[in-house]
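# Chain and residue survey
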Amino acid sequence: MSLSSLSRFCWSVSRLRYPFTPKVCVNQVHGSTSVLTDSCCHEGLYPGHITTSPFQKALLAVGSGVAALHDPYRHDMVAVLGETTGHLALMKLRDTMRNDPEGLTILAERPRIRLSTLDLKEMASLPDGSLGREYLRFLEDNLVTPDSRADVKFVDDEELAYVMQRYREVHDLLHTLLGMPTNMLGEVAVKWFEAAQTGLPMCALGAVLGPLRLNASRLQSLFTLLGPWALHNGHRARCVLSIFYERRWSQSIADLRQELNIETPPVILTATNRRNI
């Protein structure tokens, strides 16, 4: 099977759906936060789960990896790669969250970050520098939406699937906390931070291969400033998945960085066209 065939196979499988509509119970707690509860009634490990063998996972990992290397902005392929290679890292992240009181609450309540759960009007009214206002500004400046994050399909554990989903949905919040836009340099810097903190193979691959798409001046910025800063802070920071961001919109980013043990970035990057490297 050729690499292009693997990529097409991965693309096809990633769009599979069960021939039934699972019953999902969604409760509203804490204002606008939606929570998938353990009392949900559905078939399979969780809504949308697709059972795959180890061999199928290997095919998916290779095919999605090829597609992601060809186009790093293929978020669907990046998602499949993360799900099929991240089991051990997800277990460690889950255990870290369980050992943090706030992280344990998140695992129990299962909040989701979607446009439907965000009070955009309230967030827009928050002062500059607050997490909610700056997150909303990040979404607007970079023309992104939390709804673009795909649902997990290939993780064969219900709780680990939520950990992966949470990782995806806080990714843009991490951009906001780190002050990184969605151009290639900003994405690579975030991947270096995530690789150091999460141990996800997908993040490590992005951290290693992402610099290949940078020009000389941005490579210099990455290797001399942003990269060392991202790795250092990723290692030492509190687990970013253990923060109940939905309850902290009014907190200032400066205070939250201090709480998480994240230093101010050494370089201020501005939002540009996302494919501008």
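Residues numbered from 1 in each chain as written. Predicted model: local features only at pLDDT ≥ 70, side-chain atom pairs only at ≥ 80, totals over all residues. Heavy atoms only, no water.

## Side note on the overall build of the protein
Condition: A run of H or I in DSSP counts as a helix once it spans at least four residues, and a run of E counts as a strand once it spans at least two, with each numbered from the N terminus. Relative accessible area decides the class of each residue, using a 1.4 Å probe on protein chains only: under 20% of the type maximum gives buried, over 50% gives exposed, and in between gives partly exposed. Whether two residues touch is decided by their heavy atoms; if any such pair falls within 4.5 Å, the residues are in contact. Areas reported here follow the Shrake-Rupley algorithm with a probe of radius 1.4 Å; residue values treat only the protein chains shown as occluding.
Regarding its fold elements, the protein presents 12 helices and 2 strands. When the helices and strands of the protein are placed in sequence order, the string is α-β-β-α-α-α-α-α-α-α-α-α-α-α. When each of the 277 residues of the protein is scored for burial, the buried share is 51%. In the protein, the proportion of contacts linking residues at least 24 apart, taken out of those at least 6 apart, comes to 73%. Total accessible area on the protein is roughly 12900 Å²; 58% of this is exposed by carbon and sulfur atoms.

## Considering the nonpolar core
Our working rule: We call a set of buried Ala, Val, Leu, Ile, Met, Phe, Trp, Tyr and Cys residues a nonpolar core when their side-chain atoms join them within 4.5 Å.
Within the largest apolar cluster, 66 residues are counted, with the highest numbers of intra-cluster contacts made by Leu241 and Tyr245. Among the elements that take part in this core, helix H8 (residues 158–178) stands out by supplying 11 residues, more than any other. Contacts of leucine 241, omitting those with residues within four sequence positions, involve Leu93, Met97, Ile106, Val163, Arg166, Tyr167 and Val170.

## Side note on the layout of surface pockets
Put simply, the rule is: Of the two site types, the cavity is a set of points on a 1 Å grid over the protein atoms alone where a 1.4 Å probe fits but cannot get out, and the pocket is an open set with protein on both sides within 12 Å along at least five of seven lines, each lined by residues with an atom within 4 Å of a point. Grid points are joined across faces, edges and corners, and a volume is the space filled by probe spheres set on the points.
What the second largest pocket holds in volume is close to 580 Å³. Taken together, the elements giving at least two residues each to the lining of the second largest pocket come down to helix H2 (54–70), helix H3 (75–85), H8, helix H9 (184–198) and helix H10 (201–209).

## Quick notes on the side chain of arginine 168
With respect to the helices and strands, the residue arginine 168 is situated in helix H8. Setting aside chain neighbours within four positions, we find arginine 168 in contact with Ala79, Glu83, Arg149, Ala150, Asp151 and Val152.

## Focus: the packing of aromatic side chains
Rules: In this scheme Phe, Tyr and Trp rings, the latter by its six-membered ring, pair at centre separations within 6.5 Å, and the angle between planes marks the pair as stacked below 30 degrees, edge-to-face above 60, and tilted otherwise. Counting as a charge over the ring demands two things of the Lys NZ or Arg CZ atom: a distance within 6 Å of the ring centre and an angle within 35 degrees of the ring normal.
If you walk through the whole model with that rule in mind, you get 2 aromatic pairs. Measuring from ring centre to ring centre gives 5.6 Å for tyrosine 135 and tryptophan 249, while their planes differ by 5 degrees; the resulting arrangement is stacked. Residue tyrosine 135 is located in helix H7 (residues 131–142), and its partner tryptophan 249 is located in the loop between helix H11 (216–236) and helix H12 (253–260); the two are separated by 114 residues in the primary sequence. For tyrosine 135, a relative accessible area of 0% puts it in the buried group. Here tryptophan 192 and phenylalanine 223 contribute two aromatic rings whose centre-to-centre distance is 5.9 Å and whose plane-to-plane angle is 55 degrees, an arrangement assigned as tilted. Linking tryptophan 192 in helix H9 with phenylalanine 223 in helix H11, this pair joins segments that are 31 residues apart in sequence. Here tryptophan 192 falls in the buried class, since its relative accessible area comes to 10%. Positioned above the aromatic ring of phenylalanine 244, the side-chain terminus of arginine 247 is 3.9 Å from the ring centre.

## A look at H10
For the record, the criterion: Working definition: the arc comes from the directions between the helix axis and the C-beta atoms, pointing outward to the latter.
For H10, the full list of buried residues reads Met202, Cys203 and Ala207. Here the buried residues of H10 occupy an arc of 135 degrees about the axis, which is enough to place them on one side. Looking at the buried positions of H10, the neighbouring elements they touch are H3, H8 and H9.

## Some details on the confidence of the model for the protein
Defined as follows: What pLDDT expresses is the predictor's confidence in each residue, scored from 0 to 100.
Looking at the protein, pLDDT values average 84 and 81% of them are 70 or higher. Taken element by element, the predicted model of the protein shows its lowest mean pLDDT in strand E1 (residues 26–29) (38) and its highest in helix H5 (residues 101–109) (98). Taken together, the stretch residues 16–42 has pLDDT below 50 and engages in 56 contacts with residues farther than four places along the chain or on a different chain. Between residues 273–277, whose pLDDT stays under 50, and residues either more than four places distant or in other chains, the model counts 16 contacts.

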